[in-house]
Amino acid sequence: MQSTYSINDVKQIIGATGNIIADCTISVLVTDSRRIINPAASLFFALSNRRDGHLFIADAYTAGVRNFVVNHQPDTIMPDANFLIVKDVLTALQELATHHRKQFNIPVIGITGSNGKTIVKEWLYQLICHEENIVRNPKSYNSQIGVPLSVWQMNAAHNLGIFEAGISTINEMDKLEAIIQPTIGVLTHIGTAHDEGFESRDEKIKEKLKLFKNCKQIIYNYDQLVDYKDELKSRDCFTWSRKFDLADLYVFSETTISGRYYLRAMYKEEEIECLVPFRDEASIENAIVCWAVMLAMGYSASDADESIEKLSAVSMRLELKHGVNDCSVIDDSYNSDIQSLEIALNFLDQQNQHQKKTLILSDIYQSGLERGALYKQVAQMIKDKQVDRFIGVGTALKEYKDCFNLPDMHFYDDTASLLKDLTKLHLRQETILIKGSRSFQFERVSRALVQKAHETVLEINLNTLLSNLNFYKAKLKPGVKLMAMVKAFSYGSGTFEVANILQYNKVDYLAVAYTDEGIALREAGITLPIMVLNPEPLAYDKLTANKLEPVIYSFGLLDEFVKYAQETDIVEYPVHIKIDSGMHRVGFEDHEVDTLCDLLEVNEYVHIQSVYSHLAASDAEQHDLFTLKQIGIFEKACTQIEDTLDYKVIKHISNTSGIIRWPTAQYDMVRLGIGLYGVDAAVSPDDSGLKPIATLKTTVSQVKKVSAEETIGYNRNGSLKTDGKIATVRIGYADGYRRAFGNGVGKMLVNGVLVPTVGNVSMDMCMLDVSAAEVKEGDEVIVFNEQLRIEELAQQIGTIPYEILTNVSERVKRVYFYE
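Now for a quick tour of the structure.

Cut-offs used in this document
Residues numbered from 1 in each chain as written. Predicted model: local features only at pLDDT ≥ 70, side-chain atom pairs only at ≥ 80, totals over all residues. Heavy atoms only, no water. Helix = DSSP H or I, 4+ residues; strand = E, 2+ residues; numbered from the N terminus. Buried < 20%, exposed > 50% of the residue type's maximum accessible area, 1.4 Å probe, protein only. Contact = heavy atoms within 4.5 Å. Areas by Shrake-Rupley, 256 points an atom, 1.4 Å probe, with all protein chains shown as cover. 1 Å grid on protein atoms, 1.4 Å probe; cavity = no way out; pocket = protein on both sides within 12 Å on 5 of 7 lines; lining within 4 Å. Points joined across faces, edges and corners; volume = space filled by probe spheres on them. Nonpolar A, V, L, I, M, F, W, Y, C, P; charged D, E, K, R; others polar. Pairing = 2+ DSSP bridges. Axes fitted to C-alpha atoms, helices over the stretch in contact; angles between N-to-C directions.

## What to know about the overall build of the protein chain
- Scanning the protein chain from N- to C-terminus turns up 26 helices and 37 strands.
- Looking at the 819 residues of the protein chain, the share that counts as buried comes to 57%.
- Within the protein chain, counting contacts between residues at least 6 apart in sequence, those at least 24 apart form 65% of the total.
- Carbon and sulfur atoms make up 47% of the accessible area of the protein chain, which amounts to about 34900 Å² in all.

What follows is the structure, encoded as structure tokens:
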């Protein structure tokens, strides 16, 4: 059922020039050379966003793609490739999607707003997918690139579209409206998100409303758009409100019943009701939006209530966890469709820590494809991503098992049968992707495969890590390389989990503190060059065996390495020279450079890969003169060394803050450290371009009422000023929450309320004064996150953010999220 176009048709649609070497059929649009599944039918768009897509044409060509949309003919000769030349590649992508959308005369729901777009889209899908064959955005593909790729999925089998549109500034929505061409408009919550891209909230709302300019019907919150009646007056509007009885759906009563949220409303002069299986404010508002949409589309009040009561939480991100038997487990156990499967397989493909890769997959529902065609497509995707073991669960997969041709395959009728047989599969030292429709309850499989750990968890958002990486890449001058610092367990954030993302996104170098850290990365499949900051001479054999590159910062280290190289017949081994330009930690000082040059001039055993130094105070304006002095010493040393060697070396001195504050000192490469993890003293905390990647959370183990006369904790140091209550939480100094945080110094977030510690911090737990908060056993407690930032914790105990991050002990379970 996939729509196809000839390459000649595509050329005409997007108004391209260029010669067609060979006619072919296009059914897949590609913007990422790393995510190619069906190369023969793919059209690669060389987009210029953070990186110029033209630089990756050769990679796509090597992967088998022969059709490209470009803004200039590439220099490399590819005789059997078709190049469609356009002025703007993104515009061409959007024009092709716009043309494709016009081929289908079906109702399309267009959703926009500040918050809740993706949840509302996914919930509407849950509510009506049993009656309609729906095409929708995968995950949150709502951007100028994501929307055309989403609309391209539309085919003749679909009878309803649901697409969300996200914007960040003016003059963006008209393009998305032309692609989506919605017939029904839905506006979700209007909040502060992306306010920085607009002069005012009014400007942002008017830009969002452009999505609805040709809609036959618009559904929105009357409370939010009271002042925008003129923009909406010519349209059929369905409104909802929690304040005004003028709305079509007036919610006049809200209460909690048995853990669910009970809503009563007036609709068409009759009282109706709805039971929502969530209690948080965001979910309640999103559920009311869905309620209004169902009623506006003609569903009965009783059908809407019955459907909404069955809503399930939307998991928008993959979770990477440590599994049993030295496995890595990617948990995507709450939804299964062909688009999200492709995303999950791409993430599986990024993992290099184990040679073997396994997919556990359930039957796929509501694909819009005939089942035989669907599972042939799934089988091809699995083959293209080189999955080693396939475990299919469900009667449909079992029926179509002949579509799959892997040497290691297993099929089960249901999840219970798989769980019964799980130990017989001998899952060991492999990366396992669990991908299932919600009805299969694959969370049971995940629980069986994931290592048990106590309830204190450090969550790492890999999307935010990637966003931070791109934030700094955008600050670099053309051609400047980037070295990512992953020492000290990636500042407490993980090893291969972080390195895999960095390698996949093409950083140039990694740096670790010690040889064993580098060896661990090599064993996890990391092939990037790795610089070792503190090499130990006793480990030179392991260092060279793993192709790690040592830093030479003293004559003693240089002598030791040359001696080792002589004994093992190594020549021109890549090493890095450290210059002490004023930090006075390690490195060759200014007066030692002449002697160093004499030793390097006749040395055949080492090849100087780079010369670098470290800025002592790049973030501090009061030390700028000292920084300039450091830069001068470094430049002098580099010149001497390059003159001696008669070849160019990579020069680098800028650390995280230096990238921002000292662009003139970027040289050939920069070293990105804690900024990658969302902390940089040179960047304002209000700058939305840089965000913390980590959330440390725990849970409440017990709540107690305590009088003012009683003491709390070791040495009886804690007490309450008045009678109140305390919560004991599952984190202590053995987890990295230092004793210095005790006795009211540290604070945590419990159900959105900031509460202080009380008493001394124990090894495995500590107590909080929760007299001012509603708390019960099992409630989540935030130690730090984007709201309660690491910098604030560091200030509480007079230290630096580095120490807070790296102190989180390895017994704290790390969970990695990826959207």
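## A look at empty space enclosed by the protein
- Within this structure, the stated rule accounts for one cavity of 30 Å³ or more.
- Put simply, the largest cavity is a space of about 60 Å³.
- Along the walls of the largest cavity sit Leu696, Gly736, Tyr737, Phe741, Val783, Phe784, Leu793, Ile804 and Val808, which together make up its complete lining.
- Split by residue class, the lining of the largest cavity holds eight nonpolar, one polar and no charged.

## Digging into the layout of surface pockets
- Estimated volume of the second largest pocket: approximately 960 Å³.
- In this structure, the second largest pocket is lined by 38 residues; those nearest its centre are Tyr491, His614, Asn655, Ile674 and Tyr802.
- Going through the elements one at a time, helix H17 (487-492), helix H24 (656-661), strand S30 (669-672), helix H25 (790-796) and helix H26 (801-807) are the ones with two or more residues in the lining of the second largest pocket.
- Its residues assigned to classes, the lining of the second largest pocket comprises 22 nonpolar, eight polar and eight charged.

## Some remarks on the sheet that holds strand S3 (residues 28-30)
- In space, the four strands of this open sheet follow the order S3-S4-S5-S6, with parallel pairing throughout. Edge positions in the sheet fall to S3 and strand S6 (82-85), since each of these pairs with one other strand and no more. Averaged over all neighbouring strand pairs, the angle between strand axes comes to 25°, with direction disregarded.
- Here helix H1 (residues 7-14) sits on the sheet in contact with strand S4 (42-45), strand S5 (67-70) and S6, set at roughly 10° to S6.
- Strand contacts of helix H3 (residues 89-101): S3, S4 and S5, with the helix running at about 140° to S4, the strand carrying the most contacts.

Any functional reading would require information that these geometric values do not contain.
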